[in-house]
Amino acid sequence: MTDTLVFDVTDATFEVDVVERSRDVPVIVDFWAAWCGPCRTLGPMIEAAVQARAGRVVLAKIDVDANQATAQRFRVQGIPQVHAFRDGVPVAQFTGVIPAPQLDAFLDDLVPSPQDEVVAAVRDLPRDEAEPRLRAVLDADPAHRGAAIALAGHLVEDDPHAALELLTPHRPDPAAEAVALRAQLTIDGSGDVDGLRAAVEGGDDDARIDLARALAARGDHDAAIEELLIAVQTSGELRETARGQLVALFTMLGDADPRVAAARVRLARALF
């Protein structure tokens, strides 16, 4: 991962240098091309504005001609087009050249607030250290998305219902959905794995979904994926339920997880 404030990205590096890095600092993505006159106007403006913010936001530049897969992924039809990423997801965008004051306002909306900085600082701390500071942020700003998701992540195993309550206002945000799935798995996946496996081996296909949930709740995601892929190859309601559970599990694990890409291919083969 690059450490500079302004850098080039490609189809191959986008996931790490943009999506994953945006979990630590907002990333602005400038979709451009060498032949584009407006791109040559906007590019230096964005670079100067990002440099002026001294690391509180970074800029990734991607040539749409050389990286068409990413351009298609984000439905870039006109350039220059600018997307902003925070916490692993796109949160804002604009197309064309905009005036400098409007560009400054766009960037300033992305720069972390003091509350955002608290959340980032405690994200990886143990629960007993992180929880009081996250609750303090929510006391000051009950709608703070990052604090709610981070606190829910700490509560998800011991108090999954409280975690879901925290997440409700922020769904269907992908980060909130990922934690919500963990909470739901904790609630629904408390079944006896050995008993459920025996039921499946005895021909109870419906028990396979419960077995997959129980395995996922224990953190055995590989085994859960395998059970769901088997269920997808059946027919009727069970097939659709298994597909939905797989999609939810993919959301929880994230596209960067290599198991997701491999399982998506197998899911597509099973469905089509």
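The structure we're discussing is the one just above.
If you're wondering where the values come from, they're calculated on a predicted model, not measured in any experiment.

**Q** Which parts of the structure should I look at to understand the environment of Leu246?
**A** Among the structural elements, Leu246 can be located in helix α13 (residues 236–253). Sequence separation of Leu246 and Gln93 is 153 residues, and the distance between their C-alpha atoms is 30 Å. Leaving out residues up to four positions away in the same chain, Leu246 has contacts with Ile225, Leu228, Leu229, Val232 and Leu267.

**Q** Explain the packing of helix α7 (residues 145–155) against helix α9 (residues 174–188) to me, please; I cannot follow it from the model alone.
**A** In a packed pair of helices, the relevant descriptors are the angle between the two axes and the axis-to-axis distance. Where α7 meets α9, the closest approach of the two axes is 10 Å, and the angle between their N-to-C directions is 20 degrees. Taken together, the axis directions place α7 and α9 in an arrangement best described as roughly parallel. Regarding α7 and α9, the two cross each other, and that crossing is left-handed. The segment α7 lies against α9, with Arg145, Ile149, Ala152 and Gly153 engaging Ala175, Ala176, Val179 and Arg182. Residue composition of the contact of α7 with α9, by class: five nonpolar, one polar and two charged.

**Q** When you look at the pairing of strand β4 (residues 81–86) in this model, what are you seeing that I'm missing?
**A** A regular strand places its side chains so that they alternate between the two faces of the sheet. In terms of residue burial, β4 counts as a mostly covered element, since five of its six residues are buried. Direction of pairing for β4 relative to strand β5 (residues 89–95): antiparallel, over a ladder of six bridges. Of the residues in β5, the one forming a bridge with Val82 is Phe94. The hairpin formed by β4 and β5 contains two residues between the paired strands, and Asp87 there has a positive phi angle of roughly 55 degrees.

**Q** Just checking my understanding: could you explain the nonpolar core for this structure?
**A** The tendency in soluble globular proteins is for nonpolar side chains to be buried side by side. Ile225, Leu228, Leu246, Leu249 and Met252 are the most contacted members of the largest nonpolar core, which totals 29 residues. For this core, the secondary-structure elements that each account for two or more residues are α9, α10 (193–201), α11 (207–217), α12 (221–232), α13 and α14 (258–271). In this structure Met252 touches Ala178, Leu181, Arg182, Leu185 and His221, once residues within four positions along its chain are discounted. One finds Ala130, Ala147, Ala148 and Val156 within the second-largest nonpolar core, a separate group that totals 21 residues.

**Q** So what exactly am I meant to see when it comes to the packing of aromatic side chains here?
**A** To describe a pair of aromatic rings, one takes the distance between the centres and the angle between the planes. Using the criterion set out here, one finds five aromatic pairs in the structure. Centroid distance Phe31 to Phe74: 6.3 Å. Interplanar angle 50 degrees. Geometry classified as tilted. Placement of the pair is Phe31 in strand β2 (residues 27–32) and Phe74 in the loop between α3 (68–73) and β4, with a sequence separation of 43 residues. Judged by its relative accessible area of 14%, Phe74 falls in the buried class. Judged by centre distance (5.5 Å) and plane angle (85 degrees), the ring pair of Phe74 and Phe85 falls under edge-to-face.

**Q** Can you walk me through the pattern of salt bridges in this structure?
**A** Two side chains carrying opposite charge are able to pair once their charged atoms lie near each other. Summed over the entire model, instances satisfying the criterion amount to 20 salt bridges. Residues Glu227 and Arg208 are paired through a salt bridge, measuring 2.5 Å at the closest nitrogen-oxygen approach. Here the residue Glu227 occupies a position in helix α12, and Arg208 occupies one in helix α11, the gap between them amounting to 19 residues. Take Glu227: its relative accessible area is 14%, and that puts it in the buried class.

**Q** How should the side chain of His170 be read in this particular structure?
**A** Within the fold, His170 resides in the loop between α8 (160–167) and α9. Dropping the residues within four chain positions of it, His170 is found in contact with Ala143, His144, Arg145, Ala148 and Ala176.

**Q** In this structure, what is going on with the state of the cysteines? I would like to understand it.
**A** Here a disulfide denotes one covalent bond, and it connects the sulfur atoms of two cysteines. Enumeration over the complete set of coordinates arrives at one disulfide. Disulfide partner of Cys36: Cys39, at an S-S distance of 2.4 Å. Around the S-S axis, the bridge from Cys36 to Cys39 shows a dihedral of about 85 degrees and counts as right-handed.

**Q** Sorry if this is basic, but what is going on with the environment of Asn67 here?
**A** Within the secondary structure, Asn67 is located in the loop between β3 (58–63) and α3. A relative accessible area of 7% means that Asn67 is categorised as buried. With 19 residues separating them along the chain, Asn67 and Ala48 place their C-alpha atoms 24 Å apart. Residues in contact with Asn67, not counting those within four places in the same chain, are Val9, Thr10, Asp11 and Ile62. A distance of 2.9 Å separates a polar side-chain atom of Asn67 from the backbone nitrogen of Asp11.

**Q** Would you mind showing me how to read the sheet that holds β2 here?
**A** Either a parallel or an antiparallel arrangement is found when strands of a sheet pair, and the pairing is made through backbone hydrogen bonds. Overall, mixed pairing links the five strands, which are arranged β1-β3-β2-β4-β5 in an open sheet. Looking at the sheet topology across the chains shown, the edges are occupied by β1 (6–8) and β5. Strand-to-strand twist in this sheet, taken as the mean axis angle between neighbours without regard to direction, amounts to 25 degrees. Examined bridge by bridge, β2 and β4 share five bridges and lie antiparallel to one another. Across the sheet, the residue bridging to Val29 is His83, located in β4.

Conventions we followed
Numbers given for residues are sequential positions, taken from 1 along each chain in its written order. Residue-level local features of this predicted model are given only where pLDDT is at least 70; pairs of side-chain atoms are given and counted only at 80 or more, and the full residue set underlies all totals for whole chains, interfaces and linings. In computing side-chain values, all of the structure's heavy atoms are included and hydrogens and water are not. To qualify as a helix, a DSSP run of H or I must reach at least 4 residues; to qualify as a strand, a run of E must reach at least 2; elements of each kind are numbered from the N terminus. Two residues qualify as a contact provided that any one of their heavy atoms is within 4.5 Å of a heavy atom in the partner residue. Throughout, an axis means a line fitted to C-alpha atoms (over the contacting stretch in the case of helices), and angles, computed between N-to-C directions, take values from 0 to 180 degrees. Should an angle fall under 35 degrees it is taken as roughly parallel, and over 145 as roughly antiparallel, whereas 65 to 115 is taken as roughly perpendicular and any remaining angle as oblique. Definitions for this section: a left-handed crossing has its near helix turned counterclockwise from the far helix by less than a right angle. A right-handed crossing has that turn clockwise. Ten residue types, Ala, Val, Leu, Ile, Met, Phe, Trp, Tyr, Cys and Pro, are classed as nonpolar, four, Asp, Glu, Lys and Arg, as charged, and the remainder, Gly among them, as polar. Here's how the labels work: a residue is buried when its accessible area is under 20% of the maximum for its type, exposed when over 50%, partly exposed in between, all with a 1.4 Å probe on protein chains only. DSSP-based pairing: two strands are paired if at least 2 bridges between them are found. In this text, buried Ala, Val, Leu, Ile, Met, Phe, Trp, Tyr and Cys residues form a nonpolar core when linked through side-chain atoms within 4.5 Å. We call Phe, Tyr and Trp rings a pair once their centres come within 6.5 Å, taking the six-membered ring for Trp, and we label the pair stacked below 30 degrees between planes, edge-to-face above 60, and tilted otherwise. The term salt bridge refers to a side-chain nitrogen of Lys or Arg lying within 4 Å of a carboxyl oxygen of Asp or Glu. Two cysteine sulfurs form what is called a disulfide whenever their separation falls within 2.5 Å. Two N or O atoms count as a polar contact when they lie within 3.5 Å, although within protein this holds only if one can serve as hydrogen donor and the other as acceptor, and sequence-adjacent residues are included solely when both atoms are side-chain atoms.

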